[in-house]
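Chain by chain, the residues:
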Amino acid sequence: MSLLDTARDLAPTLAARAEEIENGRELPVDLVKELKTAGFFRMFTPRSHGGLETDLRTGLDVLEALARADAATGWTVMIGAETPQLLSLLDRERFDELYAGSPDVVVAGGFNAQGTAEPVAGGYRVSGRWAFASGSGHADHLFGNCVLTDGGAPRVVDGVPVLRAVLLPGAEVLDTWRVLGLRGTGSNDIAVADAVAPERDTFDVFTGVPCVPGPLYTAPLVHFVLHMAAVAVGTAQGAVDDVVALATGGKHRLYAKASLLDSPVFQVHLGRAEAGVRAARALLREVAGEFWARAAADPASVGPASPEASATLAWITETCVAAVDTCYRLGGGGAARDSSSLQRRFRDVHTMAQHAGSAEGWLGTGGTALLGAAAGLAY
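This one's a predicted model, so the numbers in the text were calculated from it and none came from an experiment.

### Remarks on helix α9 (residues 264–297)
Between its first and last C-alpha, α9 extends 49 Å over 34 residues, near the 50 Å set by a 1.5 Å rise per residue. Along α9, the residues that are buried comprise Phe266, Leu270, Ala273, Gly276, Val277, Ala280, Arg281, Leu284, Val287, Ala288, Phe291 and Ala295. Where α9 is buried, its residues meet α4 (56–69), α8 (220–248) and α10 (307–330).

### Describing the packing of α8 against α10
For the pair α8 and α10, the least separation of the axes is 9 Å and the interaxial angle reads 15°. The angle between α8 and α10 falls in the class roughly parallel. Considering how the two elements wind past one another, α8 and α10 form a crossing that is left-handed. Contact residues: Val222, Val225, Leu226, Met228, Ala229, Ala232, Val233, Thr235, Ala236, Ala239, Val240 and Val243 in α8; Ala309, Ser310, Leu313, Ile316, Cys320, Ala323, Val324, Cys327 and Leu330 in α10. The residue makeup of the contact of α8 with α10, split by class, is 19 nonpolar, two polar and no charged.

### What to know about unusual backbone geometry
For Glu53, which is not a glycine, the phi torsion comes out positive at approximately 45°. Assignment of secondary structure puts Glu53 in the loop between α3 (29–38) and α4.

### A short note on the nonpolar core
Phe40, Leu87, Phe203 and Leu226 are the most contacted members of the largest nonpolar core, which has 91 residues in total. Counting residues per element, this core draws most heavily on α8, which supplies 16 residues. The contacts of Phe203, once residues within four sequence positions are left out, are Leu86, Leu89, Leu90, Phe143, Arg164, Ala165 and Leu167. If you look at the next biggest cluster of nonpolar residues, it comprises 15 residues, including Ala133, Leu148, Val166 and Ile190.

### What to know about the pairing of strand β3 (residues 141–150)
Among the ten residues that make up β3, eight are buried, leaving the element largely enclosed by the rest of the structure. Relative to β3, strand β1 (residues 107–120) runs parallel, the two sharing seven bridges. Note that in β3 the partner of Val107 across the bridge is His141. For β3 and strand β7 (residues 163–167), the ladder comprises five bridges, and the chain directions are antiparallel. Note on β7: the bridge partner recorded for Phe143 is Leu167. Here β3 runs beside strand β4 (residues 153–154); their pairing, made up of two bridges, is antiparallel.

Rules used in this analysis
Residues numbered from 1 in each chain as written. Predicted model: local features only at pLDDT ≥ 70, side-chain atom pairs only at ≥ 80, totals over all residues. Heavy atoms only, no water. Helix = DSSP H or I, 4+ residues; strand = E, 2+ residues; numbered from the N terminus. Expected span 1.5 Å × (residues − 1). Buried < 20%, exposed > 50% of the residue type's maximum accessible area, 1.4 Å probe, protein only. Contact = heavy atoms within 4.5 Å. Axes fitted to C-alpha atoms, helices over the stretch in contact; angles between N-to-C directions. Parallel < 35°, antiparallel > 145°, perpendicular 65-115°, else oblique. Left-handed = near helix turned anticlockwise from the far one by under 90°. Nonpolar A, V, L, I, M, F, W, Y, C, P; charged D, E, K, R; others polar. Core = buried A, V, L, I, M, F, W, Y, C linked by side-chain atoms within 4.5 Å. Pairing = 2+ DSSP bridges.

Below you can see the structure in the form of structure tokens.
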């Protein structure tokens, strides 16, 4: 059975446990074990290290299928599955060591530079507190991006602080994750004070060169952006599924002359929402396909970040938010209940939209790239 078929088979269980996952504010221990056994956390691990080395398109489909059932599960699996792509930015010897015992290594942490790393003999003295460390409760390692300091002062090159990500020894997970949506992702804060990390446990998130060959490890940040878009699409498709189930189940809105199933107005709005989701999925597949082809043919031509991919995530998120908003309104008063999956999807997709990677400004980055190609503008 393929990993995608496994995700689809697991979907009813995830949907049934969605409220439990949300109330627990992280994935239950038994579910994490089941997801590992099924292979989701090793889907991007190299075959040479016991993983599945799943291609980008398949990975996107798997993440969409999981998020369609439960967004928190889709998001948490996404973070865990990306671990080998992130750790590929270490040197190869250290990468091999970390995967010597299992292909299911899980790392959680913070990309925002909310810590400091001061050079000491053999490594760095690290302190900081990082927010939004999804899956931190079941992670094998925690990392935090840091500003390098010299004598306590930030190291600056060309007016920009120099950053270094660090695998954090002895980091503490702080119980802070009380939020609007994606409540089941366990995205707590993590913290460390005056910990010493060896140089070999550090890497550059934004400009590092992967130590593992192949398109799956080329430009990890681009992969991460596209993965987020897949989770958004899955969440929106789940909302469409919910509304279709309401209508075909005989729901009749108060004071309405016709059932939802027979209402032309309902049909128009549902059709528009579903078309938006299909458009988002189609764009994601197109951009992912083009990126994968370039990464396979000429990895050196692919930069660490892609204005097109970032703009794509921003547009897909906006489109999916609009689709879920429509579905929520179509669900009527019952959708406002805590027990409603539509309410949960509404909160989940709006929380995704607050992520820095989904910000509207990335559309401007895409636009600037187009203008730069024609007018020589920097971007």
